Amino acid sequence: MRPQTSDDPQTRTMTLEAFADTIIPGEKRSSDDRAIAGAAPGGGAVAAGALELLEWDATGVSGGLDDFARALNTHAQAHTAEFGLPTDDTVPPFVALSYEERSAVVKRLTAPGHPEKALWVSLALFCNMSYDSAAHMSTADAIAAGHPGLTSMGVTTPDADGLWRFPNFSYGRPLAALHPDTTASGSPA
Amino acid sequence: MTSVERTDVLIVGTGFGGAIAAYHLAAGGAKVVMLERGPWLGTDDFEHDYKLGSSYTRIFDFVVGDGMSTLGGNCVGGGSVVYFAAMPRAPRFVFDRKGSIARRMWPSAITRDTLDPWYDRVAESIPITQQGWEDASYSGGLWAAACNHAGRTANPVPAAVDTTKCTNCNWMMAGCRFEAKQSLLFNYLPAALAHGAEIKPLHEVQKISKNEDGDYRVHYLRVDDEDYRETTGSGTIDAKIVVIAAGAAATPVILQRSEATLGPMPHAVGRYFSGNGERLNTAVLNEDRVRDVLGLDRGDGLAYAANQIGKGPTVANWDRLDGSLPEYSRYSLEQLYFPPGLGTILALTGGADPSWFGPDKKEMLARWRSWLIIFQMIEDDNEGVFGPPPERGNADRLSQQMLGIGRLSYKPTLNTSAAWAMADADVKDILERDGLATVTPWTNDLVGAYTVHPLASCRIGDDPHTSALDDGHELRGHPGIFVTDGSAVPGALTVNPAMTISALAERAIPGIVRAAQERGVAVTYGAPAPSGATNGRAGVQPLIPALLRK
Ligand SMILES: Cc1cc2nc3c(=O)[nH]c(=O)nc-3n(C[C@H](O)[C@H](O)[C@H](O)COP(=O)(O)OP(=O)(O)OC[C@H]3O[C@@H](n4cnc5c(N)ncnc54)[C@H](O)[C@@H]3O)c2cc1C
């Protein structure tokens, strides 16, 4: 499973998975899972479908994924060299990093002033969206399928017609005094 | 020979500013055409779905800038379709604001007293309900109880929501499936259509030029109905009067791009942008403390855990809306809901090393049901400036829908930053008392500051150096071009802006009607409210002569 060139599909997938897993970490799929660092219990962005979302051309980032993966590995190599971290040629350089080091790289790339910030923020945005809103699938289906993000957040199941309704929504009683300068129609005076 | 499409009045954009102008001009007898860059959706099209390509991403627009990202509507009805429908009037002191120019920035003719009759006209046209405590969502009630616990007041916010139809689904940003939200699709726009106005969706206006006869020519591109990155054709329409109401994030860009054909624009076009001082805080509530300290109980074993339930903002704290306080220290704090997708990534974990990603963020998301979002509207410094326009529209579109990169640059001044810090501290003081919650502001480091209330990028005023429009909303140096949307508002309002944008648009109409008459259009002013009600019209009658005095 040694990656041949930085462009081969497996390298690309592992690198992007490792990035997504840095944004919303999850547990390893198997004991020899390298892309997922295992920094948090339960499914993270990868299990939530981050790669599916990123690969969808509707996002506008799918065409640039090769470049993203290549650039991320270049940044990881520089980071590894800068801090004298151990190298591991069996996996892409970003994947070789510990969760803490991956996180440090992502922090740098998305910090104000970094020339590539906008690109990395957009990639992070979609990784986050795969987890917190399952933007690659219909929300009702995602909930029915036990999507890790929506399930963990406690998003409730919609009615049979796919719509949400909350008949109970209010404490139903006055909970504060009104501002003294309120007009008859309820606006500030 | 190609036939030239002509109309009396061409309106760019179908949000508040566009719809109000379209209705009155069409009802008064003018031929009106509206061009809208987004699609035309109706009630049954509005889905409860976060999937890209559902109504949520079709009708919503998110433009990332340098230091400021803007969010808005992208459909027929504009922001009214995606907005939260809080419709308060702006407090009296707002109209005396000086802001960054050290003298009153509003036209001298406009005060709360002279605007009130126009607010009344809007309130008669868009049904606005004065909400009671029984309408406040759990999150609104929680905010009220926390304010009360801290010795503050709190008010249910007036809203354009029919509470008898509302299901508290909190999907307002995807369009209202239950016809509870009184968007422009139910009042001004159908009334305009009934009077013969025409709406052309998926027509994105790029620029304006002038014909030899003095008419204007509006140039548009046709946008693909699924992939907004694609265009499918182009065209022009000639008009005697042009009303630009593309929203404060788009109107100045059209004018900047028109400079090559129309000649120099006033200095204030694309300057003085305000984000209405918006900033969000996320509180993660301790459910036990909510029960013990505030005595709240939903009656189903839960104290709160109701972030998902409701109808956007329902309760606000207005204690700092006090005209005796210095400028930049007055603000409102409004409970809000923001859906996942856009509403979680910017939330920061607490602690020593707050972060927007990672294991702690995942933990924070696991407590999402116990989130309470508080929306600050402070007085900012109108520090936003638009750079040269992109190739088309107001952004380079990244995704097929919703996400693009624009040219707005916003570097908060010390006044703005200090006001945000003050409001942050206030929210913390109210919500962290007695262990109720931990509160963090959203980060401005990722997409800059952000606003759903873009304002002032082409503003009215008395001073030609600091305002692009005269007090009748006519573009200085370009007679016959009017701007009636949020870009005309001079500055931050400390409350939600749609009510004020609409009142100003109503107030601009008599002048636009007169300009049309002067160009030979057979049109009169004086339509009733879209429903036929006439109190509002009677109320503004005494103000019109002064308005038309040149
Ligand atoms: C999520 C959200 C919640 C909000 N909640 C509230 C609230 O509770 N209360 C409140 O007062 N305000 C709220 N707002 C703000 C409110 O929606 C706006 O202030 C208001 O819609 C602005 O009105 P407008 O006339 O300036 O422009 P808009 O309503 O934005 O209309 C502009 C229209 O022009 C179109 N357009 C843009 N460029 C072009 C072009 N080149 N060619 C053709 N058409 C174009 C747009 O697609 C849009 O339809 C909210 C906004 C958002 C995004």
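Please refer to the structure placed before this passage.
Everything numeric here is computed off the predicted structure, so don't read it as measured data.

> How would you summarise the overall build of chain A if you had to cite specific residues and measurements?
From N to C terminus, chain A includes 9 helices and 0 strands. For chain A, the α and β elements follow one another from N to C terminus as α-α-α-α-α-α-α-α-α. A compact globule built from 189 residues would reach a C-alpha radius of gyration of about 16 Å, whereas chain A, at 22 Å, exceeds it by more than 25%. Oriented by its inertia axes, the alpha-carbon framework of chain A measures out at about 70 × 40 × 30 Å. Put simply, chain A has 189 residues, and 49% of those count as buried. Restricting to contacts in chain A with at least 6 residues of sequence separation, those with at least 24 account for 52%. On chain A, roughly 8000 Å² of surface is accessible, and the fraction owed to carbon and sulfur atoms is 55%. For chain A, the centre of its 12 positive side-chain charges and the centre of its 23 negative side-chain charges are spaced 4 Å apart.

> Residue-level account of helix H9 (residues 359-366) of chain B, with values.
Along H9 of chain B, the residues classified as buried are Lys361, Lys362, Met364 and Leu365 of chain B. For H9 of chain B, the angular spread of buried residues about the axis comes to 160°, placing them on one side. Turned more than 90 degrees from where H9 of chain B packs its buried face, Asp360 and Glu363 of chain B sit exposed. Elements that come into contact with the buried residues of H9 of chain B comprise helix H7 (117-132) and helix H9 (148-153) of chain A together with strand S10 (278-285), strand S13 (371-377) and strand S17 (437-441) of chain B.

> So, the site of the ligand: which residues are in play, and what are the values?
Residues and elements named next belong to chain B. Taken together, 39 residues sit near the ligand, with Glu36, Gly79, Ala86, Gly486 and Ala498 positioned nearest. Within the contact set of the ligand, an oxygen atom lies 2.7 Å away from a backbone nitrogen or oxygen of Ala498. For the ligand, whose free accessible area comes to 1000 Å², the fraction covered by protein is 97%. Elements with a minimum of two residues in the shell around the ligand: helix H1 (16-27), strand S4 (68-73), helix H3 (79-82), strand S7 (203-210) and helix H11 (498-518). Of the residues that constitute the shell around the ligand, the class distribution is 21 nonpolar, 14 polar and 4 charged.

> If you had to explain empty space enclosed by the protein to someone new, which residues and values would you point to?
In this structure the tally under the stated criterion is 10 cavities of 30 Å³ or more. Of the volumes computed, that of the second largest cavity is approximately 140 Å³. If you go around the second largest cavity, you meet 16 residues; those closest to its centre are Phe62, Leu342, Leu346, Trp442 and Val447 of chain B. Sorting the residues of the lining of the second largest cavity by element identifies H7 of chain A together with S10 and strand S18 (449-451) of chain B as the ones contributing at least two each.

> I'd like a rundown of the pairing of strand S16 (residues 403-410) of chain B, residues and numbers included.
Residues and elements named next belong to chain B. With 4 bridges connecting them, strand S3 (residues 60-66) and S16 associate as parallel partners. Paired with Asp66 across the two strands is Ser409, which belongs to S16. Once strand S15 (residues 396-397) ends, the chain turns through 5 residues before running back antiparallel as S16, passing Met402 with a positive phi of about 75°.

> Provide a residue-level description of the packing of aromatic side chains, including the pertinent values.
Across all of its chains, the model carries 16 aromatic pairs over all chains by this definition. A centroid spacing of 6.2 Å and a plane angle of 80° characterise the contact between Phe84 of chain B and Phe338 of chain B, whose relative ring orientation is edge-to-face. Taken as a pair, Phe84 of chain B in the loop between H3 and helix H4 (112-125) and Phe338 of chain B in the loop between strand S12 (332-336) and H9 lie far apart in primary sequence, 254 residues in all. Residue classification places Phe84 of chain B among the buried positions, given a relative accessible area of 13%. You can call Phe338 of chain B buried: its relative accessible area is 5%. Considering the side-chain rings of Trp442 of chain B and Tyr450 of chain B, the 5.5 Å spacing of their centres and the 50° angle between planes classify their relative orientation as tilted. Across the pair, Tyr450 of chain B and Trp442 of chain B agree in class, each one buried. Among the aromatic residues, those joined into a cluster by ring pairs are Trp164 of chain A together with Tyr50, Tyr56, Phe60 and Trp171 of chain B.

> Quick rundown of the sheet that holds strand S5 (residues 155-156) of chain B? Include the residues and the values.
Residue and element names in this part refer to chain B. Ordered by their spatial adjacency, 6 strands build an open sheet running S5-S11-S12-S13-S10-S17, and the pairing between neighbours is antiparallel. Each having just a single partner strand, S5 and S17 make up the two edges of the open sheet. Two elements, S12 and S13, share 5 bridges in a ladder whose sense is antiparallel. Bridged to Gln335 within S13 is Ile374. Those strands touched by helix H5 (residues 138-149) are S10, strand S11 (315-317), S12 and S13, and its axis lies near 25° from that of S11.

> Residues and numbers for the interface of chain A and chain B, please.
Frequently, the measure chosen for interface size is the accessible area that the parts lose on association. Facing 70 residues of chain A, the contacting portion of chain B comprises 70 residues. Around 5800 Å² of area is buried between chain A and chain B when both sides are counted, 62% of it from carbon and sulfur atoms. Counting the contacts that link chain A with chain B gives 1 salt bridge. In this structure, Lys107 of chain A and Asp353 of chain B form a salt bridge, with 3.2 Å as the shortest nitrogen-oxygen distance. Only helix H1 (9-23), helix H6 (99-109), H7 and H9 of chain A provide two or more residues apiece to the side of chain A that touches chain B. Counting residues per element, the side of chain A that touches chain B draws most heavily on H7 of chain A, which supplies 10 residues. Residues of the side of chain A that touches chain B, tallied by class, amount to 36 nonpolar, 28 polar and 6 charged.

> Can you lay out the side chain of Thr167 of chain B for me, pointing to particular residues and giving the numbers?
Assignment of secondary structure puts Thr167 of chain B in the loop between S5 and helix H6 (188-194). Given a relative accessible area of 13%, Thr167 of chain B falls into the buried group. One polar contact links the side chain of Thr167 of chain B to the main-chain carbonyl oxygen of Trp164 of chain A, over a distance of 3.5 Å. With near-sequence residues (within four places) excluded, Thr167 of chain B lies in contact with Trp164, Arg165 and Phe166 of chain A together with Phe178 of chain B.

> Can you explain a negative patch on the surface? Please cite residues and give values.
Residue and element names in this part refer to chain B. A grouping of Asp44, Asp45, Glu47 and Glu179 is seen on the molecular surface, where their side chains present a negatively charged patch. Locating Asp45 in the fold gives a position in the loop between strand S2 (32-35) and helix H2 (55-58). Among the residues examined, Asp45 registers a relative accessible area of 35% and is labelled partly exposed.

Rules of the game
Residues numbered from 1 in each chain as written. Chains lettered and ligands numbered in written order. Predicted model: local features only at pLDDT ≥ 70, side-chain atom pairs only at ≥ 80, totals over all residues. Heavy atoms only, no water. Helix = DSSP H or I, 4+ residues; strand = E, 2+ residues; numbered from the N terminus. Rg over C-alpha atoms; globule rule 2.2 N^0.38 Å. Buried < 20%, exposed > 50% of the residue type's maximum accessible area, 1.4 Å probe, protein only. Contact = heavy atoms within 4.5 Å. Areas by Shrake-Rupley, 256 points an atom, 1.4 Å probe, with all protein chains shown as cover. Lys, Arg positive; Asp, Glu negative; His and termini not counted. Charge placed at Lys NZ, Arg CZ, Asp CG, Glu CD. Arc of directions from axis to C-beta. Near = heavy atom within 4 Å. Polar contact = N/O pair within 3.5 Å; in protein donor to acceptor, adjacent residues only side chain to side chain. Nonpolar A, V, L, I, M, F, W, Y, C, P; charged D, E, K, R; others polar. 1 Å grid on protein atoms, 1.4 Å probe; cavity = no way out; pocket = protein on both sides within 12 Å on 5 of 7 lines; lining within 4 Å. Points joined across faces, edges and corners; volume = space filled by probe spheres on them. Pairing = 2+ DSSP bridges. Phe/Tyr/Trp six-rings, centres within 6.5 Å; stacked < 30°, edge-to-face > 60°. Axes fitted to C-alpha atoms, helices over the stretch in contact; angles between N-to-C directions. Buried area = accessible area lost by both parts, 1.4 Å probe. Salt bridge = Lys/Arg side-chain N within 4 Å of Asp/Glu carboxyl O. Patch = residues over 30% accessible without salt bridge, like charges linked within 9 Å, V, L, I, M, F, W, Y side chains within 5 Å.

Purely geometric numbers; function is a separate question.
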